[in-house]
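Understanding the architecture of this molecule
What follows is each chain in one-letter form.
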There are 2 protein chains.
Amino acid sequence: MKGYPRKRSLPLDEIRCYLEPGPIVLVSSAWNRRRNIMTMGWHTVMEFMPALVGCIISSENHSFEMVRKSRQCVINVPTAALIDKVIGIGNTTGAEIDKFEHFGLTAEKGKKVKAPLIRECYANFECRLYDESLVDKYNFFIWKVVRAQVAVSPRYPRTLHYTGDGVFMLSGKIVSKRRLFLPEML
Amino acid sequence: MKGYPRKRSLPLDEIRCYLEPGPIVLVSSAWNRRRNIMTMGWHTVMEFMPALVGCIISSENHSFEMVRKSRQCVINVPTAALIDKVIGIGNTTGAEIDKFEHFGLTAEKGKKVKAPLIRECYANFECRLYDESLVDKYNFFIWKVVRAQVAVSPRYPRTLHYTGDGVFMLSGKIVSKRRLFLPEML
C-alpha cells in the first residue's frame, strides 16, 4: 500500500464528478527532461465528450512554458491529506527545485502523455492541448482528457477548495437528491 | 428579515473567494420583457482585475439567447438552504414558466445591469459580456463582473457543489493555513 491509493480507470465523460465540485488540483508536466508540478484553482469542465477542461495557467508560472511547449499535462486531484504539500508546491518554483523529489511525491508514467502522474493523488487525468486560442490573451488553456483514473475508494474524496487568503474549505457532507431530478437531467 | 440576507458590497477582486471553491450558481437574465434563471456548475474565475468569469451556458438552455442578446447576466450563489429550488430551476424551462414566481424567489433590480438579482442568494455578481469569441464553438461566455455584493454573515456560506447523478457535496470545514503561505502567495 505505502499510502498509494489503488485506482480504476474512469470513463472520460465522468470526470465532471471530480472536477465540477471545484477542488484545487495539481498540474504536472514534463518538457526538455525537466518535470514540474503547480497548484491550480481556476478551472472548469467545458464538455462531456470530448472531455474538455479549461483552466488558467499564468505565464508567471514555471509550468506555463512547459505545458505550452509539450502541449500535454496531467490534472491530479489531491485530497485534504496532502494540504501541506499543495501549499508548498504553490510556494515554490520548478525553476529551482524538482517538486516530486522535494515534496516526496511519486511520479507515475503516463499511458497517453509524457507528463508524469502524481501517484499519491486521488485522481489523475491525462490531458492533451485541444485549443490554445485564448492562451495569449487570458492564459486560458483548453485540454482534452485522454485517459482518466480515480481511487477505488472512498467513493467521494475529501477535497480542498480554495477561498483565497490562505483559507481552504474542505469538502463536506454528500447528499443525494436523485429523486428530485427529472430523469433526463441526471 | 423575511429570510433575505443583509448584504455588503464586495470589492471586485474578491469574487474569487466565493467562486473559486466551485459552487453551483444560479444565472439570472432578462431580455425582451422576460426574465429567467438557470442552474450552472461549469464556471471558472479567469482574472482578478478586470474581474473575469468564464462559464458554459448550453445553447439548449432557454437562457442562452437571453444572455447572448442582452449581453448581461447576474451570477448568484445560493446556499444549501435553497437546494430544492436549485434542482427545480434545473428541471424546468423559462420557455414555460417565470421561475422567480414559480419558485418564490425575489427579483432585485440590478444597479449596473438590467438582469435581476436573486435576493435570497448569498452573493450576487452583476456581469456584462466581455468576450464572446468562444460562444459559437463551446457555448463559453467570458463575463466581466461590474458589481458584487455578498451577505454580511456567515463569513463562509454553506454552498452546493454538484458531482453529477443527482448527488451534491455540501461545503464543509473551513481551515486557515495562512501561516504556511509565503506572504506574496496570499
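Refer to the preceding data block for the structure.
Here is what the cut-offs are and how they apply
Residues numbered from 1 in each chain as written. Chains lettered and ligands numbered in written order. Predicted model: local features only at pLDDT ≥ 70, side-chain atom pairs only at ≥ 80, totals over all residues. Heavy atoms only, no water. Buried < 20%, exposed > 50% of the residue type's maximum accessible area, 1.4 Å probe, protein only. Helix = DSSP H or I, 4+ residues; strand = E, 2+ residues; numbered from the N terminus. Pairing = 2+ DSSP bridges. Axes fitted to C-alpha atoms, helices over the stretch in contact; angles between N-to-C directions. Contact = heavy atoms within 4.5 Å. Buried area = accessible area lost by both parts, 1.4 Å probe. Salt bridge = Lys/Arg side-chain N within 4 Å of Asp/Glu carboxyl O. Polar contact = N/O pair within 3.5 Å; in protein donor to acceptor, adjacent residues only side chain to side chain. Nonpolar A, V, L, I, M, F, W, Y, C, P; charged D, E, K, R; others polar.

Next up on the list: the pairing of strand S9 (residues 123-131) of chain A. Residue and element names in this part refer to chain A. Judged by how many residues are buried, S9 sits mostly within the fold: seven of nine residues are covered. Bridge count between strand S6 (residues 72-77) and S9: six bridges; the pairing is antiparallel. By the bridge assignment, asparagine 76 is partnered in S9 with asparagine 124. As paired elements, S9 and strand S10 (residues 140-151) share eight bridges and run antiparallel to each other. Bridge pairing links glutamate 126 to arginine 147 in S10.

Let us now look at the sheet that holds strand S12 (residues 167-176) of chain A. Across the sheet, four strands lie side by side as S11(A)-S12(A)-S12(B)-S11(B); this open sheet has antiparallel pairing. On the outer flanks of this sheet lie strand S11 (160-162) of chain A together with strand S11 (160-162) of chain B, each paired with one strand and no other. Averaged over neighbouring strand pairs, the angle between their axes works out to 45° when direction is ignored. One ladder, built from three bridges, connects S11 of chain B with strand S12 (residues 167-176) of chain B; its direction is antiparallel. Across the sheet, tyrosine 162 of chain B pairs through a bridge with phenylalanine 168 of chain B, a residue of S12 of chain B.

Turning to the interface of chain A and chain B, a few remarks are in order. Listed per partner, the contact involves 53 residues of chain A and 53 residues of chain B. Together, the buried faces of chain A and chain B total about 5,000 Å²; carbon and sulfur atoms form 61% of this surface. Linking chain A with chain B are six salt bridges. Residue lysine 177 of chain B is joined to aspartate 84 of chain A by a salt bridge in which the shortest nitrogen-to-oxygen separation is 3.1 Å. The interface formed by chain A and chain B contains 26 residue pairs in polar contact (both at pLDDT 80 or more). The element that contributes the greatest number of residues to the side of chain A that touches chain B is S12 of chain A, accounting for ten residues. Considered class by class, the residues forming the side of chain A that touches chain B number 29 nonpolar, 14 polar and ten charged. Of the pairings in the sheet, the one linking S12 of chain A to S12 of chain B comprises seven bridges and is antiparallel in character. Following the sheet pairing, serine 171 of chain A is matched in S12 of chain B by serine 171 of chain B.

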